[in-house]
Amino acid sequence: MTTVGFAVVAASIFFASAMQASIGFGMGMLAAPIVAIVDPGLVPGTLIMLAIVVSTMVLIRDGTALDLSGASWALAGRVPGTIAGALLLVALPERGLALMLAFVVLLGIGLTSLGWIPLPRRRNLVVAGAASGLLATATSIGGPPMALVWQRNTGAKLRSTMSAFFLVGSVLSLVALAAAGAVTLHTAWLFLLLTPAAILGYVLSRFVNRVMDRRRLRLMAIAVSTVGAVVLIGQQLLS
C-alpha cells in the first residue's frame, strides 16, 4: 500500500469511527467502500477488528443505558448469520465480494432512508441479528439491519445497545473468519497501524455529539457511503 493509499484508508477509518461512536453504527458502511478500493485485503477482517475497538470504547462510555434484553435476542440471530457469512466469504471471488459489498451499502442506504420502522420485537431482533451477522462477516457492513430495528432508540441507549451487539458479534465474526483462513498477518498488521485513527475518531465523536444532531450526521454518512459504493462498482466493472 502506498503512503497516499494509507492516508486515504486512515482518513476513512477516522471519520467512520467518529460516526459509529456517535450514532451506534457506520464503521463498515462508511469505510468499507473506500477501503476496498485501496486495499480489498483489509475487508472485512481489519475493519471488524477496528469496530471491536470502537464498540468497546463506546460501551465503556455509555454502558449504563444498555438494553440488555434487546441485544441478547439480536445476538441469538447473529450466531447462525455469522457462520453463513464466513461460508459466503470463502465462496466469493474478490471481484464478486467487492460488488456485493457495494450493493449491500446501497441497499442499506435505501432501507435506512425510507423511514421504514419495524418494531423491536423478539422475532424482528433475531432476524435482524442474523442478517447483520451474515453481512458483517462477509462484507464488514452489519449496521443497517440493526439500525432499522432499533431506530426508535436515541442517544446513549442506541449507542450502547448497538455497541454491545457489535462488540460480541464482531468477536464472533472474527473467530469465524480466522477459522475460514480470512485473517492474515497483513490484516492484523494494518489493524495495529490504523488503530490510532479509530481512537482519534472516537475522541472526535465526543465533540460531534455536542454540535451535530443525529439526523445531520446520518445524512452526511449516507452521502459519503453512496459515493464510495458507486465508485467501487465503477472500478470493478471497468477493470
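Each value, and the rule that gives it
- Residues numbered from 1 in each chain as written.
- Predicted model: local features only at pLDDT ≥ 70, side-chain atom pairs only at ≥ 80, totals over all residues.
- Heavy atoms only, no water.
- Helix = DSSP H or I, 4+ residues; strand = E, 2+ residues; numbered from the N terminus.
- Buried < 20%, exposed > 50% of the residue type's maximum accessible area, 1.4 Å probe, protein only.
- Axes fitted to C-alpha atoms, helices over the stretch in contact; angles between N-to-C directions.
- Parallel < 35°, antiparallel > 145°, perpendicular 65-115°, else oblique.
- Left-handed = near helix turned anticlockwise from the far one by under 90°.
- Contact = heavy atoms within 4.5 Å.
- Nonpolar A, V, L, I, M, F, W, Y, C, P; charged D, E, K, R; others polar.
- Patch = residues over 30% accessible without salt bridge, like charges linked within 9 Å, V, L, I, M, F, W, Y side chains within 5 Å.
- Areas by Shrake-Rupley, 256 points an atom, 1.4 Å probe, with all protein chains shown as cover.
- Salt bridge = Lys/Arg side-chain N within 4 Å of Asp/Glu carboxyl O.
- Core = buried A, V, L, I, M, F, W, Y, C linked by side-chain atoms within 4.5 Å.
- Phe/Tyr/Trp six-rings, centres within 6.5 Å; stacked < 30°, edge-to-face > 60°.

(A) Representation of unusual backbone geometry in the model. The omega angle of the peptide bond from V43 to P44 is 5°, so this bond is cis rather than trans. Position of P44 relative to the elements: it lies in the loop between helix 2 (27-38) and helix 3 (45-62). Its identity is not glycine, yet S140 carries a phi of approximately 75°, on the positive side. When you line up the elements, S140 lands in the loop between helix 6 (122-139) and helix 7 (143-149). You can call S140 buried: its relative accessible area is 10%.

(B) Seen up close, the packing of helix 2 against helix 3. Two elements in contact, helix 2 and helix 3, have axes whose closest approach is 11 Å; the angle formed by their N-to-C orientations is 150°. In terms of their interaxial angle, helix 2 and helix 3 are classed as roughly antiparallel. In this structure, the crossing between helix 2 and helix 3 has a hand that is right-handed. Contacts between helix 2 and helix 3 involve M27, A31, A32 and V35 on the former and, on the latter, L47, L50, A51 and V54. Of the residues belonging to the contact of helix 2 with helix 3, the class tally is 8 nonpolar, no polar and no charged.

(C) Quick look at a nonpolar patch on the surface. Side chains of V79, I83, L87, V168 and L172 sit close together on the surface and give an oily, nonpolar patch of about 430 Å² of accessible area. Those elements giving two or more residues to the nonpolar patch turn out to be helix 4 (68-91) and helix 8 (155-179). Structurally, V79 can be placed in helix 4. Judged by relative accessible area, which is 41%, V79 ranks as partly exposed.

(D) Quick peek at the pattern of salt bridges. Here the structure, examined in full by the defined rule, presents 2 salt bridges. Salt-bridge contacts for D62 lead to R61; the nearest nitrogen and oxygen are separated by 3.1 Å. Using a relative accessible area of 22% as the deciding quantity, one classes R61 as partly exposed. D62 is the partner of R159 in a salt bridge, and the nearest nitrogen-oxygen pair spans 3.0 Å. Residue R159 is located in helix 8, and its partner D62 is located in helix 3; the two are separated by 97 residues in the primary sequence. On the basis of relative accessibility, which here comes to 13%, the residue R159 falls in the buried class. A single salt-bridge network, built from bridges that share partners, covers R61, D62 and R159.

(E) Looking closely at the nonpolar core. I13, L47, L50, M146, W150 and M162 are the most contacted members of the largest nonpolar core, which totals 57 residues. Once residues lying within four places of it in the same chain are set aside, the contact partners of L47 are I13, M27, A31, A32, V35, L42 and S140.

(F) Up close: the packing of aromatic side chains. Applying the stated criterion across every chain yields a total of 3 aromatic pairs. Here the aromatic rings of F14 and F15 are separated by 5.0 Å at their centres, their planes lie at 70°, and the arrangement is edge-to-face. Measuring from ring centre to ring centre gives 5.2 Å for F165 and F166, while their planes differ by 70°; the resulting arrangement is edge-to-face. With respect to burial, F165 and F166 carry one shared label: buried.

(G) Looking closely at the environment of M27. With respect to the element layout, M27 can be found in helix 2. Look at M27 and you get buried, because its relative accessible area is 2%. When neighbours within four sequence positions are excluded, M27 is seen to be in contact with I13, A16, S17, Q20, A32, L47, L50, A51 and V54.

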